[in-house]
Amino acid sequence: EAGVTQSPTHLIKTRGQQATLRCSPISGHTSVYWYQQALGLGLQFLLWYDEGEERNRGNFPPRFSGRQFPNYSSELNVNALELEDSALYLCASSLGGTGGHQPQHFGDGTRLSIL
Amino acid sequence: GEDVEQSLFLSVREGDSSVINCTYTDSSSTYLYWYKQEPGAGLQLLTYIFSNMDMKQDQRLTVLLNKKDKHLSLRIADTQTGDSAIYFCAESHAGNNRKLIWGLGTSLAVNP
């Protein structure tokens, strides 16, 4: 069974540009999560999507946005890129529903570098 | 507030046991997780424990939870060089937010 897949593996952008990161969940999973892993800051929760809707959002500015498609894959968009957006962006998926506990399974991430 | 703390480094000899510790501040935590991250890779879920449990064992891994002291530990028996990685502790709360709060990770070095 394929795990969570993310693309691209690496992305290089310049300040002010826009970046789009993609994630495909494990088959059967309907919830997708996005995290930012910046050097020295640890993992920070960005977004949670379930059944196409945004369920929860972390403490990030509105230029971080995303969506979930009918096939449960997801995109993370970052507008007006800043140098401090350089990080590893991790996507996770889990079984769905909006209550209770579901273990999150991670992809290998997209390394976003801002020049 | 929400905070998860871990020591940053641990070095052990191959064949010894490793114990990685984690403390958390939020008494409403319901699930606590251990993830492993190898260089250049994503996070691998190792195990998790519900807050009403004291211990969970899974092959070489033993998780101990002291809810009174808000202390979680991961013991790896017979540590191998392939266990060298960063180990993250994370917590979540009951309810509808699914947001994991993470420690900064403990880098485990296994020396032959």
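As shown above, the structure is provided for reference.
Since the model is a prediction, treat every value here as computed from it, not as a measurement.

Engineer: Quick rundown of the sheet that holds strand S1 (residues 4–6) of chain B? Include the residues and the values.
Structural biologist: All names here are of chain B. Strand order across the open sheet formed by five strands is S1-S3-S8-S7-S6, with antiparallel pairing between neighbours. The two strands at the open ends of the sheet, each matched to only one other strand, are S1 and strand S6 (55–58). Averaged over all neighbouring strand pairs, the angle between strand axes comes to 15°, with direction disregarded. Bridge count for strand S7 (residues 61–66) against strand S8 (residues 71–76) is six bridges, and the pairing is antiparallel. From the neighbouring strand, Leu65 faces S8, where its bridge partner is Leu72.

Engineer: Tell me about the sheet that holds strand S7 (residues 64–68) of chain A, and please be specific about residues and values.
Structural biologist: All names here are of chain A. Spatially, S1-S3-S8-S7 is the arrangement adopted by the four strands of the open sheet, whose pairing is antiparallel. Edge positions in the sheet fall to strand S1 (5–7) and S7, since each has one partner strand and no second. Between one strand axis and the next, the sheet turns by 20° as a mean value, whatever way the strands run. Of the pairings in the sheet, the one linking S1 to strand S3 (residues 19–24) comprises three bridges and is antiparallel in character. If you follow Thr5 over to S3, its bridge partner there is Ser24.

Engineer: Describe in detail the side chain of Ser93(A), supporting the description with residues and values.
Structural biologist: Residue and element names in this part refer to chain A. In this fold, Ser93 is placed in strand S9 (residues 87–94). A polar side-chain atom of Ser93 sits 2.7 Å from a polar atom in the side chain of His29. Those residues within four positions of Ser93 in sequence are excluded, and the remaining contacts are Val4, Pro25, Ile26, His29, Ser31, Val32, Tyr33, Pro103, Gln104 and His105.

Engineer: Tell me about the layout of surface pockets, residues and numbers included.
Structural biologist: If you roll a probe as big as a water molecule over the atoms, it shows you where there is empty space left. In this model, the largest pocket occupies a volume close to 600 Å³. Where the lining of the largest pocket is concerned, the elements lending two or more residues are strand S4 (31–38), S9 and strand S11 (110–114) of chain A together with strand S9 (85–93) and strand S11 (106–111) of chain B.

Rules and cut-offs
Residues numbered from 1 in each chain as written. Chains lettered and ligands numbered in written order. Predicted model: local features only at pLDDT ≥ 70, side-chain atom pairs only at ≥ 80, totals over all residues. Heavy atoms only, no water. Pairing = 2+ DSSP bridges. Helix = DSSP H or I, 4+ residues; strand = E, 2+ residues; numbered from the N terminus. Axes fitted to C-alpha atoms, helices over the stretch in contact; angles between N-to-C directions. Polar contact = N/O pair within 3.5 Å; in protein donor to acceptor, adjacent residues only side chain to side chain. Contact = heavy atoms within 4.5 Å. 1 Å grid on protein atoms, 1.4 Å probe; cavity = no way out; pocket = protein on both sides within 12 Å on 5 of 7 lines; lining within 4 Å. Points joined across faces, edges and corners; volume = space filled by probe spheres on them.

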